Amino acid sequence: MSETRTTNSPSSSSNGSGERRIGDDGAMGDFARNLLDTPRSFRDSVIRHGKPTSDRARSQAIFTNFFFHILPVRTHLHSIKMTATFGLGVATLVLFIILCVTGVLLMVYYKPSVDQAYASMLDIIHVVPTGRLIRNVHRWSAHAMVFCVILHMARAFYTSAYKPPRQFNWVIGMGLFVLTLGLSFTGYLLPWDQLAFWAVTIGANIAQSPQELTDALGVTQIFDPGGMQKELLLGAHYVGQEALIRFYVLHVMVLPIITTIFIAVHFWRIRKDGGLVRPLAADAAEGGQVSSVMPASEEPAPLKTYGLMSLMKGRTPAVNLELRNTIMTWPNVMYVVAAVAMVTTLAMLVLGVLFEAPLSEIANPDVPENPAKAPWYFLGLQELVSYSAFMGGVCIPAIVVIGLGLVPYLDREREDTGVWFSGRKGRRVAVGSAVFATLATVGILAFTVNYGWLRNWEATAHVPQIVITLFNPGTLFVGVFAAWSVAVVKLKRSTRMGAIALFTCFLVAFAILTYFATVHRGPNWNFYWSHIDWPVH
Amino acid sequence: MHREDPLKTSGRFATPKTRRDFLGLAAAWSAIGAFMMAMLGAMRLPMPSVFPESSTIVKLGKPEDVLVGSTTYFPSHRLWLYRDDGGFHAISSVCTHLGCIVERTENGKFSCPCHGSKFAADGAVLGGPAPKGLMWVELTVSPEGWLVADTLKEVELGKTLNA
């Protein structure tokens, strides 16, 4: 029997019983042998290559697999260097997957109704098996995802990963940044606790804040985009059942689907753009000759054929060159991805076991939290909003997102891509800009805390609102940083240096404002040195 | 008909030259336009035409039950009712900045817990980010003699009701 099987199942299992000798025991014998052989032939029908012991089988492991074929068969050595990416993109993807899994589990018990939402949260925490842990992991992964997205953006920026041909992938990345924040914001309302209710009330009124401008122009009666946005978001004038359902639908359906599509396009383009960005030196290091795997120009790859040649971009086929400095993706890159995934998952589990996700008392529409603070990544914005709702909540975020999205189109210098800070000159600009941005941000904040703003001074106590909307500490930040970046472009004669200056200012200001609003803002949004000094109610 | 080199016309940015190209583009843009308009029409659905809240027109009591010189707060209606020698007026407690509920502090002034807006006793802005003063809510007396407020209707500052 075993003798028959070994002869009958050669490595090519595709045409199972067709070539069997006829006549020895007939169709019933075939049937019995097929039955016994089913596990093996089933496996061979799923995985259509041998054990990954040869390079041929290893490449088949990648390109015959639906999930892996987004990866190249061979990967450049630079791409798996720790300092090339710090694994931040993969970590973000892993966090998104963790969030999807834990999110679906939470949906099993969560009820998006004003009467039951908070009670179902208590159920999840106190009654549901592992509910507390799953909720903690969901909450901390959400925070971690925002954190990783920001770090990943910084990595991509400082290694010039937005340079041609990757410009549009940077824009998609900005879209994913906004989507991540949107997912966090919509998820924030669902527990229906005090913090959620008031943070979303503030958020919805930020959506309404274009009225600040339309009021100043006196056209709110006929043209009211702010009011429309708020009604669209809340389905009512106040946060209530309609708002809860809308946020729930956005959080569990609309935004995850859009995010998944964006992630797919983001990854697909990485592959189409020739993999991760890497310095020219990474190719020159070994043989001295620059590999033509690097895109030689912005010309698209050949359009009509899809042979092996067109897999490689560039003017000339990279004969014998593509092997240099590359390794088999299977298993080397798989080890790296798996390691990042395991570390990320472990970190989230540890956080979930050690730290409880906060839940304040049930939402009370009559009494706001004092202070009503948004999650940390929105606190910098909340500080800007405390100068002007429209400017800080709508205009400045729009300027930042559009401004960052335009960077690849304004800075097209091709030198030193793939090198952190584009070399020593850029590192100096980054450090200089960080010092400048720290001084400017702390200075403006200290001034505002000590002396107030226009309304607190006698001469300007009654300036019209439009003046405050256009000129407040928030717009001052934007103006000062824009001026600094333009000055750097001019002095260093380089748009890349200006871009580094601008992005560094943005990062530093974001960090300082977030810290400032987290630690130094207390009840009535007054300044306190520490939480201990808060007045007791 | 003279055939053009397919490589020239099938380029990515070939300019429309022939009538056929024009008709094809017109058809494509019509289809895109039609779908866009359909999407726009569908987006009308989430804009509510009826609001789910209970009526914004609320009874505050009989005018004669409100003492002259008194100040009453109606938490669920989010408004302060005043009666002084000049008559009745009501001020909304919803901050004009971002919708938090303001607190009444010393001398009848208001302050917002969320971002520190300060308002005078008559609702005018004194400081902070609020773009305008607290809303003066329209008061009327119903035919049955109830004092009625419409919490979404604004009247100009200083307009009192004599009843």
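Residues numbered from 1 in each chain as written. Chains lettered and ligands numbered in written order. Predicted model: local features only at pLDDT ≥ 70, side-chain atom pairs only at ≥ 80, totals over all residues. Heavy atoms only, no water.

## Considerations on the overall build of chain B
And step 1. On a plain count of helices and strands, chain B comes out with two helices and 10 strands.
And step 2. By residue count, 37% of the 163 residues in chain B fall in the buried class.
And step 3. Considering only intrachain contacts with a sequence separation of at least 6, the fraction spanning at least 24 residues in chain B is 35%.
And step 4. When the accessible surface of chain B is split by element, carbon and sulfur atoms take 61% of a total near 10,000 Å². (Helix = DSSP H or I, 4+ residues; strand = E, 2+ residues; numbered from the N terminus. Buried < 20%, exposed > 50% of the residue type's maximum accessible area, 1.4 Å probe, protein only. Contact = heavy atoms within 4.5 Å. Areas by Shrake-Rupley, 256 points an atom, 1.4 Å probe, with all protein chains shown as cover.)

## Overview of the interface of chain A and chain B
And step 1. Facing the 36 residues of chain A at the interface are 31 residues of chain B.
And step 2. When chain A packs against chain B, the two sides together hide about 2,800 Å² of surface, and 59% of this comes from carbon and sulfur.
And step 3. Where chain A meets chain B, there are one salt bridge.
And step 4. Among the salt bridges present, the one from Lys132 of chain B reaches Asp215 of chain A, with a minimum N-O distance of 3.0 Å.
And step 5. One can count 12 residue pairs in polar contact (both at pLDDT 80 or more) joining chain A with chain B.
And step 6. At the level of secondary structure, the elements contributing two or more residues to the side of chain A that touches chain B comprise α9 (194-208), α10 (211-217), α11 (225-234), α12 (241-272) and α16 (376-385) of chain A.
And step 7. Counting residues per element, the side of chain A that touches chain B draws most heavily on α9 of chain A, which supplies five residues.
And step 8. Its residues placed into classes, the side of chain A that touches chain B shows 18 nonpolar, 10 polar and eight charged. (Buried area = accessible area lost by both parts, 1.4 Å probe. Salt bridge = Lys/Arg side-chain N within 4 Å of Asp/Glu carboxyl O. Polar contact = N/O pair within 3.5 Å; in protein donor to acceptor, adjacent residues only side chain to side chain. Nonpolar A, V, L, I, M, F, W, Y, C, P; charged D, E, K, R; others polar.)

## Description of a nonpolar patch on the surface
And step 1. On the surface, a cluster of nonpolar side chains totalling about 610 Å² of accessible area is made up of Ile245, Val249, Met253, Val254, Ile257, Ile258, Ile261 and Val265 of chain A.
And step 2. Mapped onto the elements of the fold, Ile257 of chain A is located in helix α12. (Patch = residues over 30% accessible without salt bridge, like charges linked within 9 Å, V, L, I, M, F, W, Y side chains within 5 Å.)

## Comments concerning the sheet that holds strand β10 (residues 147-155) of chain B
Residues and elements named next belong to chain B.
And step 1. With respect to topology, six strands assemble into an open sheet ordered β1-β10-β9-β4-β3-β2, the strand pairing being antiparallel. Of all strands in the sheet, those bounded by a partner on one side alone are β1 (57-61) and β2 (71-74). Direction aside, neighbouring strands of the sheet carry axes that sit 30° apart on average.
And step 2. Both β2 and strand β3 (residues 79-84) contribute to a ladder of four bridges, which runs antiparallel. For Thr71, the partnering residue across the bridge sits in β3 and is Tyr82. (Pairing = 2+ DSSP bridges. Axes fitted to C-alpha atoms, helices over the stretch in contact; angles between N-to-C directions.)

## Examining the environment of Leu476 of chain A
All names here are of chain A.
And step 1. Here Leu476 is to be found in helix α20 (residues 473-492).
And step 2. Spatially, the C-alpha atom of Leu476 lies 8.2 Å from that of Ile444, the residues being 32 residues apart in sequence.
And step 3. Discounting chain neighbours no more than four positions away, the residues touching Leu476 are Ile444, Trp453 and Phe471.

## Examining the sheet that holds strand β5 (residues 103-104) of chain B
Residue and element names in this part refer to chain B.
And step 1. A sheet is described by the order of its strands in space; here four strands give the open sequence β5-β6-β7-β8, paired in antiparallel fashion. Each end of this open sheet is capped by a strand with a single partner; those strands are β5 and β8 (125-127).
And step 2. Two strands pair when backbone bridges link them, and strand β7 (residues 118-119) and β8 are joined in this way by two bridges, in the antiparallel orientation. Counterpart to Phe119 in the pairing with β8 is Val125.

## Observations regarding the packing of α20 of chain A against helix α21 (residues 495-519) of chain A
Residues and elements named next belong to chain A.
And step 1. One can describe the packing of α20 onto α21 by two numbers: an axis separation of 7 Å at closest approach and a directional angle of 155°. Classed by the angle they form, the pair α20 and α21 counts as roughly antiparallel. Our pair here, α20 against α21, has a crossing hand that is right-handed. Residues Phe477, Phe481, Trp484, Ser485, Val488, Val489 and Lys492 of α20 lie in contact with α21, whose contacting residues are Thr495, Met497, Gly498, Ala501, Leu502, Cys505, Ala509 and Leu513.
And step 2. For the contact of α20 with α21, the per-class residue count stands at 11 nonpolar, three polar and one charged. (Parallel < 35°, antiparallel > 145°, perpendicular 65-115°, else oblique. Left-handed = near helix turned anticlockwise from the far one by under 90°.)

## Section: the pairing of strand β4 (residues 87-92) of chain B
Residue and element names in this part refer to chain B.
And step 1. With six of six residues buried, β4 lies mostly within the body of the structure.
And step 2. In the sheet, β3 pairs with β4 via six bridges, with the strands oriented antiparallel. For Tyr82, the partnering residue across the bridge sits in β4 and is His89.
And step 3. Remark: two residues form the turn of the hairpin made by β3 and β4, two consecutive strands paired antiparallel.

## Observations regarding the packing of helix α6 (residues 117-126) of chain A against helix α7 (residues 131-158) of chain A
Residue and element names in this part refer to chain A.
And step 1. Viewed as axis vectors pointing N to C, α6 and α7 meet at an angle of 110°, and their least axial separation amounts to 5 Å. Looking at the two axes, α6 sits roughly perpendicular to α7. Touching Met121, Ile124, Ile125 and His126 of α6 are Gly131, Arg132 and Arg135, all from α7.
And step 2. Tallied by class, the residues present in the contact of α6 with α7 amount to three nonpolar, two polar and two charged.

## Brief notes about the nonpolar core
And step 1. By size, the foremost hydrophobic cluster in this structure holds 50 residues, and its most contacted members are Met153, Phe157, Trp170 and Phe503 of chain A.
And step 2. Ranked by residues supplied to this core, first place goes to α7 of chain A with 13 residues.
And step 3. Counting residues domain by domain, this core receives three or more from each of domain 2 (88-277) and domain 3 (376-537) of chain A.
And step 4. Among residues more than four places away in sequence, those in contact with Met153 of chain A are Trp170, Met174, Phe177, Leu404, Phe503 and Phe506 of chain A.
And step 5. Counting residues in each nonpolar core, the second largest holds 43 residues, with Ala117, Met121 and Leu234 of chain A together with Cys100 of chain B among its members. (Core = buried A, V, L, I, M, F, W, Y, C linked by side-chain atoms within 4.5 Å. Domains from an automatic or database assignment.)

## Some thoughts on the pattern of salt bridges
Residue and element names in this part refer to chain A.
And step 1. Here the structure, examined in full by the defined rule, presents eight salt bridges over all chains.
And step 2. Across the salt bridge formed by Arg521 and Glu383, the nearest N and O atoms sit 2.8 Å from each other. Of the two residues, Arg521 sits in the segment after α21 while Glu383 sits in helix α16, which places them 138 residues apart along the sequence.
And step 3. A residue is classified by how much of its surface remains accessible, and Glu383, at 0% relative accessible area, is buried.

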